[in-house]
Amino acid sequence: MANYLHNLRHRRRKRPAHEHPRPRDRRVAVIGLGRFGSSLANELMRRGWDVLGIDTDARLVQKYSDGLTHSAVADCTDPEVLRQLGIHEFPSAVVGIGTDIEASILIASNLLDAEVPNIWAKAISRQHGQILERLGVTHVVLPEHEMGERVAHLVTGRMLDFIEFDDDYALVKTVAPDLVTGLPLGRSQVRSNYGITVVGIKRPGEDFTYATAETIVREGDVIIVTGKTRAVEAFAELG
């Protein structure tokens with residue numbers, strides 16, 4: 001741990017005035033290396049971020065340590081441990097612990113006290129998420145619930161993909177219904193009639209392209225539609 005802290009502090013030394021600063025600090029601490037945390041950490045590494053992975057389970061830390069920038073076996077419910085790890089210097093942290101709600105809340109509270117600018121926290125229920133939000137965590141993730149909603153949309157409808165955002169706004173990939181085929185999108189009046197916007201189109205064997213008012217949709221085309229959740233749901237069911 002001492003060598004790790006020394007190396008971490010060395011990497012964070014202030015740059016001389018003549019050096020150009022990095023355009024963005026791409027360091028993140030991922031606390032909890034279960035399925036969610038480890039998957040997230042690996043994806044962040046793939047995208048070129050520096051990841052510090054932390055867990056109380058030494059076996060998990062050992063399992064993922066080779067793929068991470070740094071790793072540590074530590075209990076982050078103790079604010080002194082967070083201080084020793086230098087988490088207060090990180091611009092971003094993720095609480096990937098879900099099943100131990102008490103630990104999740106304590107760690108999130110410690111991160112807030114440490115004034116980490118960007119905090120994401122996994123929640124296992126709406127109630128858990130509400131507690132985290134009341135603490136001041138601005139990015140609460142409900143992966144199991146959101147995945148269940150997404151899969152439900154795909155199973156029960158004609159949608160090929162579905163993403164819903166917090167403000168009741170959704171993005172849907174679906175096969176173009178007959179009512180918009182054979183004429184330019186501007187003439188189909190889908191925005192005024194259905195409250196949605198077609199933003200992309202893909203024909204068999206071709207790549208996705210942006211849709212314009214002059215784009216003519218053909219039978220079998222796949223389209224990307226945006227709008228209020230109920231509006232895009234209804235549009236995708238038109239057939």
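Quick word on helix H2 (residues 35-46)
Over its 12 residues, H2 extends 16 Å from the first C-alpha to the last, a length consistent with the 16 Å expected when each residue adds 1.5 Å. Among all positions in H2, only Gly-37, Ser-38, Ala-41 and Leu-44 are buried. All buried residues of H2 project into a common sector of 130 degrees when viewed along the axis, lining one side. Those residues of H2 that are exposed and angled more than 90 degrees off the buried face are Arg-35 and Arg-46. Where H2 is buried, its residues contact strand S1 (27-31), strand S2 (50-55) and helix H3 (58-64). Note on H2: the residue one or two positions beyond its end, Gly-48, has a positive phi of about 90 degrees.

Description of the sheet that holds strand S9 (residues 196-202)
Strands sit in the order S7-S8-S11-S9-S10 across an open sheet of 5 strands; the sheet is antiparallel. The open sheet has two free edges, formed respectively by strand S7 (159-165) and strand S10 (209-210), since each of these has just one partner strand. In this sheet, strand S11 (residues 222-228) lies alongside S9 in antiparallel orientation, the contact comprising 6 bridges. The residue bridging Ile-196 from the neighbouring strand is Gly-227, located in S11. Each of S7, strand S8 (169-175), S9 and S11 touches helix H10 (residues 229-236); the most contacted strand, S11, lies at about 145 degrees to it.

Digging into the sheet that holds strand S3 (residues 70-73)
The pairing of strands in a sheet happens through backbone hydrogen bonds and is either parallel or antiparallel. The 6 strands lie next to each other as S3-S2-S1-S4-S5-S6, forming an open sheet whose pairing is parallel. Here the strands that pair on one side only, and so sit at the sheet edges, are S3 and strand S6 (139-141). The sheet shows a mean angle of 15 degrees between the axes of neighbouring strands, direction not considered. By the bridge criterion, 4 bridges tie S1 to strand S4 (residues 92-95) in an arrangement that is parallel. When the sheet's bridge partners are listed, Ala-29 is paired in S4 with Ala-93.

A few points about the confidence of the model for the chain
Per-residue confidence for the chain gives a mean pLDDT of 86; residues scoring 70 or more make up 89%. Considering only residues more than four positions removed or in separate chains, one finds that residues 1-23, a stretch of pLDDT under 50, has 24 contacts.

Considering H10
Every buried residue of H10 is listed here: Thr-229, Ala-231, Val-232, Phe-235 and Ala-236. The arc that holds the buried residues of H10, viewed along the axis, is 165 degrees, so those residues lie on one side. On the buried face of H10, the contacting elements are S7, S8, helix H9 (190-194), S9 and S11.

Quick notes on the side chain of Ser-92
Topologically, Ser-92 is positioned in strand S4. By relative accessible area, which is 7% here, Ser-92 ends up buried.

Considerations on a negative patch on the surface
Together, Glu-146, Glu-164, Asp-167 and Asp-168 line one region of the surface with negative charge. For Asp-167, the position within the fold is in the loop between S7 and S8. The exposed category is assigned to Asp-167, whose relative accessible area is 52%.

Scoring rules and cut-offs
Residues numbered from 1 in each chain as written. Predicted model: local features only at pLDDT ≥ 70, side-chain atom pairs only at ≥ 80, totals over all residues. Heavy atoms only, no water. Helix = DSSP H or I, 4+ residues; strand = E, 2+ residues; numbered from the N terminus. Expected span 1.5 Å × (residues − 1). Buried < 20%, exposed > 50% of the residue type's maximum accessible area, 1.4 Å probe, protein only. Arc of directions from axis to C-beta. Contact = heavy atoms within 4.5 Å. Pairing = 2+ DSSP bridges. Axes fitted to C-alpha atoms, helices over the stretch in contact; angles between N-to-C directions. pLDDT = per-residue confidence, 0-100. Patch = residues over 30% accessible without salt bridge, like charges linked within 9 Å, V, L, I, M, F, W, Y side chains within 5 Å. Areas by Shrake-Rupley, 256 points an atom, 1.4 Å probe, with all protein chains shown as cover. Salt bridge = Lys/Arg side-chain N within 4 Å of Asp/Glu carboxyl O. Lys, Arg positive; Asp, Glu negative; His and termini not counted. Charge placed at Lys NZ, Arg CZ, Asp CG, Glu CD.

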